[in-house]
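# Residue-level structure breakdown
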Amino acid sequence: MTSSADNARPGTPTANAMRRALKRARDGVALDVTEAAVLLQARGDDLDDLAASAARVRDAGLAAAGRPGVITYSKSVFIPLTRLCRDKCHYCTFVTVPGKLRRAGHGMFMSPDEVLDIARKGAALGCKEALITLGDKPEERWPEAREWLDAHGYDDTIAYVRAVSVRILEETGLLPHLNPGVMSWTDFQRLKPVAPSMGMMLETTARRLWSEPGGPHHGSPDKEPAVRLRVLEDAGRSSVPFTSGILIGIGETYEERADSLFALRRISRAYHGIQELIIQNFRAKPDTAMRAMPDAELDELVATVAVARHIMGPSACLQAPPNLVDSEYGRLIGAGVDDWGGVSPLTIDHVNPERPWPQIELLREQSAQAGFELRERLCTYPEFVQRGEPWLDPRLLPHVRALADPETGLARADAVVEGHPWQEPEEAFTSSGRTDLHASIDTEGRTGDRRGDYDHVYGDWDALREAAAPGMVPSRIDTDVRAALATAADDPTRLTDDEALALLHADGPALDALCGIADDVRRAAVGDDVTYIVTRNINFTNVCYTGCRFCAFAQRRTDADAYTLSLDQVADRAEQAWQLGAVEVCMQGGIHPDLPGTAYFDIAKAVKERVPGMHVHAFSPMEVVNGATRTGLSIREWLTAAKEAGLDSIPGTAAEILDDEVRWVLTKGKLPAATWIEVVTTAHELGLRSSSTMMYGHVDQPRHWLGHLRTLSGIQQRTGGFTEFVTLPFIHTNAPVYLAGIARPGPTIRDNRAVTAMARLLLHPHIPNIQTSWVKLGTEGAAEMLRSGANDVGGTLMEETISRMAGSGYGSYKSVKDLIAVAGAAGRPARPRTTLYGEVPQERQRAAAASDGHLPALLPVLE
């Protein structure tokens, strides 16, 4: 055999470059993009060498996973839910147009009966996966698709995918694996409860193949590489076991192919959510624009599989579709694959209809010839089956467990494929765990400084550290601070971004002058009165798997500090608060996987039934989205239902910093900035007012504060729905992102003064109330903020768990006298307010005065 480096052509690697790259691969040294591009061109003896080292990497991974010598497949049915698509990929024969569907006697979408007929037949043959594949957002291109959805009662294609998935689960027992194309973060929340896995091919990161006329993806909005990479990241953030991969031979260079693999590795490393990587070879099809393009050769495929194995490492699962090669299974096994993908005894491969699936027994024989045992898996890979939460929604666990071997996570050979109810977990509001945490956090403290799954629930800390670094670089400030101060004093609404940024960096005498100007603006806008509210916080659960890296409150359900309150306990605490003069309860909780989307309605009703006059200020935008996606309602529909249940206003928490550069460092799975904005603006449109917040002093910089405040000001000018702006200094002590050495230890006194003062100036005159947090700053710190532009000190709280779990040392309760004293320390009078900054009824003021200072003796509320 000849070496691929012999007689090197222009553009091909030299013999020395190939030898060096092969040696690094053999030695297990991490490759870079250049070396990977060299190895992708290995042929002959060099390719044999490369494949052998890749196979060793694969074998080590299988041994570590507890299944040495096993190659897997999924027994599936292929359900082409719709062949309409808004994209125009130049190699695709799956997609068609409405006229052809009508002429063939088909609807725009498969009907539920058609879907279930295939699924039932598959179940009878022992299939366990329903591979649901469809075109991207067909309703956005084809009126006929929109009309079909409207006629059948679905808001969009995703809604139909969700509905048909539930029916497959309940009526056949097959597990849906969803390939609906490009999805938003919200789409993942909608579909995760009905499908244990999803997928979307990256295909390539070569943008020119999308942007340039004549390219295979030109004219296809969903094939922009940046869009598809965002989908992969959102899947990871949402803890969805996800299948992806690349399509080789569509015109990409070797460097571009290598770059695609490294992009997949980066996302896999960051989120640990890519369950499988498919290396698919291009096959030209008649009646397509790329019909004359040569097929990707087998050597190309083998080399790419081997390089992918080296890049992705031993723990990755690699698949090459067996129907796209001509019985050369041994070469693919020899290059490092460990999976054959979905193979159907019933349906064709609708994407490659000219390439029939191999018989499962043939795959078994071919695998055995290569020394491997063929084993069936589920659509969700064994590692994710065994991980359980947060990767599998509780509503899916009975369906998965009915088919999975608990020892291996693979499919059970004796499993009976039959439908099971898809329903919310029972007894969601059973009191459990450390329900006195709101009180004992002050006396006994936390059990440990971090939750039990610290090492993996937040993603990869090293990858996060790299991602955070660019955003933490300070900006260069050239603007004259004195000129900016003059503008602020004359008319703060005229401050330019450069001037505002300069003032956010102010220190020393300039900072003193800034705070003085802000205090003058405060006095002119709202007077000297410092307002406060008699309220009680009720955090009804701290069980959460969202993976917010700044949060020390969230716990696994099995952690020592985890708890969930019953509805009666929530109502008891609200009733006690009313007896003590409260006008509001502020209720928020973790995103508990067992709580149904209607749980929030039950909480609001429980409080209103017990205390009809209490203002229910509850449910952060993250909780709103969680409720909406779990119930299948739109955000508007869910908020309308919550309002009918008793919700009066929502807290504008979960904002953190409304800049996704910072946001995706702070949190793994919380809602994106755009979705937060959608929730609060929708709430305002429905007459539900909200607060607004900013948490700062972690991995952010003043430029992020400026962008955040400008965003809030813009929303307020459109809706008028914000009641106040609340400054939330980052409490670092027990925060995971600080314990990992990434975040700084909270804001400085300078930061706090500058943020408070600039909030007053940048939000003027649209948001008149600026609140400071005694929980996070203490009495002296809060008084200083009152001298820097703030006019509100928040509430009595009565219980406060979130900041205390993070390490705040300022307690969980302040009496009315304490809050008046904070105002007095700033030389100002104080008065009570309602949630909406109205006058407090005299009866409520008398009740608060009668109990003031006696509250700690009444806590905790005991069974």
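This report concerns the structure included in the present document. It should be emphasised that the depicted structure is a prediction, and the values quoted were computed from it without experimental measurement.

### Description of the overall build of the protein chain
Scanning the protein chain from N- to C-terminus turns up 35 helices and 21 strands. Relative to a compact globule of 863 residues, whose C-alpha radius of gyration would be 29 Å, the protein chain shows 29 Å and is just as compact. Over its C-alpha atoms, taken along the principal directions, the protein chain stretches across nearly 90 × 60 × 55 Å. Here the protein chain, with 863 residues, has 63% of them falling under the buried criterion. Intrachain contacts of the protein chain at a sequence separation of at least 6 include 78% that bridge at least 24 residues. Accessible surface for the protein chain amounts to roughly 31200 Å². Of this, 51% is attributable to carbon and sulfur atoms. Taken together, the 92 basic and 115 acidic charged side chains of the protein chain have centroids lying 1 Å from each other.

### Topic: the pattern of salt bridges
Counted under the stated rule, the structure contains 62 salt bridges. Here aspartate 490 ties to arginine 494 by a salt bridge, and the two come within 2.8 Å at their closest N and O atoms. Judged by its relative accessible area of 47%, arginine 494 is partly exposed. Its salt-bridge partner being aspartate 497, residue arginine 710 comes within 2.9 Å of it at the nearest N-O pair. Taken together, the residues span a long stretch of sequence, with arginine 710 in helix α29 (residues 702-719) and aspartate 497 in helix α21 (residues 497-504) at a distance of 213 residues. For arginine 710, a relative accessible area of 29% translates into the label partly exposed. In the salt-bridge network here, residues are joined through shared partners; they are Arg230, Glu233, Asp234, Arg237 and Arg266.

### Considering helix α23 (residues 567-579)
Compared with an ideal rise of 1.5 Å per residue, which puts 13 residues at 18 Å, α23 spans 18 Å between its outermost C-alpha atoms and is within 8% of the ideal. Gln569, Val570, Ala571, Arg573, Ala574, Gln576 and Ala577 are the residues of α23 that are buried. Looking one or two places after α23, you find glycine 581, whose phi comes out positive at around 95 degrees.

### Structural notes on the packing of helix α22 (residues 508-526) against helix α31 (residues 749-762)
Orientation of α22 relative to α31, taken along the N-to-C sense of each, is 40 degrees, at an axis distance of 9 Å. As judged from the angle between their axes, α22 and α31 are oblique. Judged by the twist between their axes, the crossing of α22 over α31 is left-handed. Where α22 approaches α31, its residues Leu511, Asp512, Leu514, Cys515, Ile517, Ala518, Val521, Arg522, Ala525 and Val526 are matched on the opposing element by Arg750, Arg753, Ala754, Ala757, Met758, Arg760 and Leu761.

### Let's talk about the packing of aromatic side chains
Working definition: an aromatic ring pair is given by the centre-to-centre distance plus the angle between the planes. For the structure shown, the criterion picks out 17 aromatic pairs. A ring pair is formed by tyrosine 91 and phenylalanine 282, whose centres lie 6.5 Å apart and whose planes are at 80 degrees; its orientation type is edge-to-face. Placement of tyrosine 91 in the loop between β1 (70-82) and α4 (98-103) and of phenylalanine 282 in the loop between β6 (274-281) and α12 (298-312) is noted, with a sequence separation of 191 residues between them. Residue classification places tyrosine 91 among the buried positions, given a relative accessible area of 10%. Relative to tryptophan 705, the ring of tyrosine 696 has its centre 5.8 Å away and its plane inclined at 70 degrees; by these criteria the two rings are edge-to-face. Cluster of aromatic residues (ring-pair linked, three or more members): Phe540, Tyr600, Phe601, Phe619 and Trp638. The lysine or arginine in question, arginine 387, covers the ring of phenylalanine 384, its NZ or CZ lying 4.2 Å from the ring centre.

### Examining the pairing of strand β3 (residues 175-179)
Where burial is concerned, most of β3 is hidden: 4 out of the 5 residues are buried. Direction of pairing for strand β2 (residues 129-134) relative to β3: parallel, over a ladder of 5 bridges. Each residue of the ladder has a partner; that of glutamate 129, found in β3, is leucine 175. Each parallel crossover has a hand, and the one from β3 via helix α8 (residues 185-191) to strand β4 (residues 197-199) is right-handed.

### Observations regarding the environment of alanine 411
Secondary-structure assignment places alanine 411 in the loop between α16 (397-401) and β10 (432-433). As for alanine 411 and glutamate 376, which are separated by 35 residues in sequence, their C-alpha atoms are 5.6 Å apart. In this structure alanine 411 touches Lys128, Glu376, Arg377, Leu378, Leu403 and Asp405, once residues within four positions along its chain are discounted.

### Quick look at unusual backbone geometry
Residues glutamate 389 and proline 390 are joined by a peptide bond in cis, for which omega reads 5 degrees. Tracing the sequence through the fold places proline 390 in the loop between α15 (382-387) and α16. Of note, the amide linkage connecting histidine 764 to proline 765 takes the cis form, showing an omega dihedral of 0 degrees. Of note, proline 765 is situated in the loop between α31 and β19 (770-771). A positive phi angle, near 65 degrees, is found at aspartate 287, a position not held by glycine. Structurally, the position occupied by aspartate 287 is in the loop between β6 and α12. If you check the backbone angles, phenylalanine 619 has positive phi at about 75 degrees while not being a glycine.

### Topic: the state of the cysteines
A full pass over the atoms with the stated rule returns 0 disulfides. Free of any disulfide, cysteine 544 has its nearest neighbouring cysteine sulfur in cysteine 548, separated by 6.3 Å. Given the relative accessible area of 11%, cysteine 548 is considered buried.

### Here's the deal with the nonpolar core
Core analysis: the largest hydrophobic core is formed by 125 residues, its most contacted members being Met587 and Trp676. If near-sequence neighbours (up to four positions away) are discounted, methionine 587 is found in contact with Ile538, Phe540, Val570, Ile603, Val607, Val616, His617, Ala618 and Phe619. The next biggest cluster of nonpolar side chains, apart from the first, holds 121 residues, and it includes Ala119, Ala145, Leu178 and Val182.

### Describing helix α24 (residues 599-610)
Look at α24: 17 Å from first C-alpha to last across 12 residues, which is about the 16 Å you get at 1.5 Å a residue. Check the buried side of α24 and you find it contacts α23, β14 (584-588), β15 (615-618), α25 (621-631) and α26 (635-645).

### Let's talk about the side chain of aspartate 87
Considering the arrangement of structural elements, one finds aspartate 87 in the loop between β1 and α4. Despite being buried, aspartate 87 has no salt bridge partner; arginine 86 is the closest side chain of opposite charge, sitting 4.5 Å away. When near neighbours in sequence (up to four residues on either side) are disregarded, aspartate 87 contacts Asp136, Arg141, Ser220, Pro221 and Asp222.

Reading the values: the criteria
Residues numbered from 1 in each chain as written. Predicted model: local features only at pLDDT ≥ 70, side-chain atom pairs only at ≥ 80, totals over all residues. Heavy atoms only, no water. Helix = DSSP H or I, 4+ residues; strand = E, 2+ residues; numbered from the N terminus. Rg over C-alpha atoms; globule rule 2.2 N^0.38 Å. Buried < 20%, exposed > 50% of the residue type's maximum accessible area, 1.4 Å probe, protein only. Contact = heavy atoms within 4.5 Å. Areas by Shrake-Rupley, 256 points an atom, 1.4 Å probe, with all protein chains shown as cover. Lys, Arg positive; Asp, Glu negative; His and termini not counted. Charge placed at Lys NZ, Arg CZ, Asp CG, Glu CD. Salt bridge = Lys/Arg side-chain N within 4 Å of Asp/Glu carboxyl O. Expected span 1.5 Å × (residues − 1). Axes fitted to C-alpha atoms, helices over the stretch in contact; angles between N-to-C directions. Parallel < 35°, antiparallel > 145°, perpendicular 65-115°, else oblique. Left-handed = near helix turned anticlockwise from the far one by under 90°. Phe/Tyr/Trp six-rings, centres within 6.5 Å; stacked < 30°, edge-to-face > 60°. Lys NZ or Arg CZ within 6 Å of the ring centre and 35° of its normal. Pairing = 2+ DSSP bridges. Right-handed = clockwise from strand over helix to strand, strands pointing away. Disulfide = S-S within 2.5 Å. Core = buried A, V, L, I, M, F, W, Y, C linked by side-chain atoms within 4.5 Å.

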